[in-house]
Amino acid sequence: MLLAESFAAADLPVSDQLVLPYDARCRSRQRVTLVGGEEMGYVLPAGTVLRDGDRLLASDGRVVEVRAAPEELLEVRARDTLQLIRAAYHLGNRHVPVQLGDEFLRLQPDHVLGAMLRRLGCSLAAVVAPFDPEGGAYGAAHSHAGAALHGGAAARVGDYRPAPGRRQSDAHDPGHGAHRSPAKIHAFK
């Protein structure tokens, strides 16, 4: 079985793709099936969230691109920018993963949140689309903010991709040592 334990540079050629819905991309270790049919396991630091477009480096040197799978979502639209901002504020206040788009918000279906958004005057529609929600401003493995180049790949602030000059083992290290021992592949069942 193929194994990936780190991210690859964005300029390396891709040999296969991994298509997963958002909830599966939030797991830092699992066994998956690639688009080409091959099984792969990946083991990444706890808290890592795979983003659409991330690339994983397999133990044999191959590069696997991560894609967000289409899934059922709730699309929120508003009559004006202020109303859409208000909706985003209330969703953020509830720590709901939200994808921001041009004049819309997308979130996983939830009837309680849907009712709240309707009370705010928003219109809702069920859509099927890839879901790649916005990362948190402070959260690990979610933020696109402050991207820095590292070997051709974007390293996001607050995530577990190594910063320039850092080893993969200390990518989360803010200066006080590694927090976990290396994961083992036998954790897959």
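Whatever comes next refers back to the structure up there.
None of the values given here were measured: they were computed from a predicted structure. (Residues numbered from 1 in each chain as written. Predicted model: local features only at pLDDT ≥ 70, side-chain atom pairs only at ≥ 80, totals over all residues. Heavy atoms only, no water.)

1. A few points about the environment of Ala78
Tracing the sequence through the fold places Ala78 in the loop between strand E7 (70–77) and helix H2 (81–93). A C-alpha to C-alpha distance of 9.3 Å links Ala78 and Leu105, two positions 27 residues apart in sequence. Those residues in contact with Ala78, other than ones at most four positions away along the chain, are Gln83, Leu84 and Cys122. (Helix = DSSP H or I, 4+ residues; strand = E, 2+ residues; numbered from the N terminus. Contact = heavy atoms within 4.5 Å.)

2. What about the pattern of salt bridges?
Enumeration over the complete set of coordinates arrives at 10 salt bridges. Ionic pairing is found between Asp132 and Arg51, a salt bridge with its closest N-O pair at 2.9 Å. Within this pair, whereas Asp132 is found in the loop between strand E10 (123–130) and strand E11 (148–150), its partner Arg51 is found in the loop between strand E4 (39–43) and strand E5 (55–58), the two being separated by 81 residues in sequence. The pair formed by Asp132 and Arg51 is uniform in burial state, with each residue classed as buried. Asp52 is paired through a salt bridge with Arg67; the nearest N and O atoms lie 3.1 Å apart. With Asp52 in the loop between E4 and E5 and Arg67 in strand E6 (residues 63–68), this residue pair connects regions lying 15 residues apart in the sequence. (Salt bridge = Lys/Arg side-chain N within 4 Å of Asp/Glu carboxyl O. Buried < 20%, exposed > 50% of the residue type's maximum accessible area, 1.4 Å probe, protein only.)

3. Focus: the pairing of strand E1 (residues 2–7)
Most of E1 is tucked away, with five of its six residues classed as buried. Judged from the three bridges that link them, E1 and E4 form a sheet pairing that is parallel. Across the sheet, Leu3 pairs through a bridge with Gly41, a residue of E4. As judged from the three bridges shared by E1 and E5, these two strands associate in the antiparallel manner. Bridge assignment links Phe7 to a residue of E5, and that residue is Leu56. (Pairing = 2+ DSSP bridges.)

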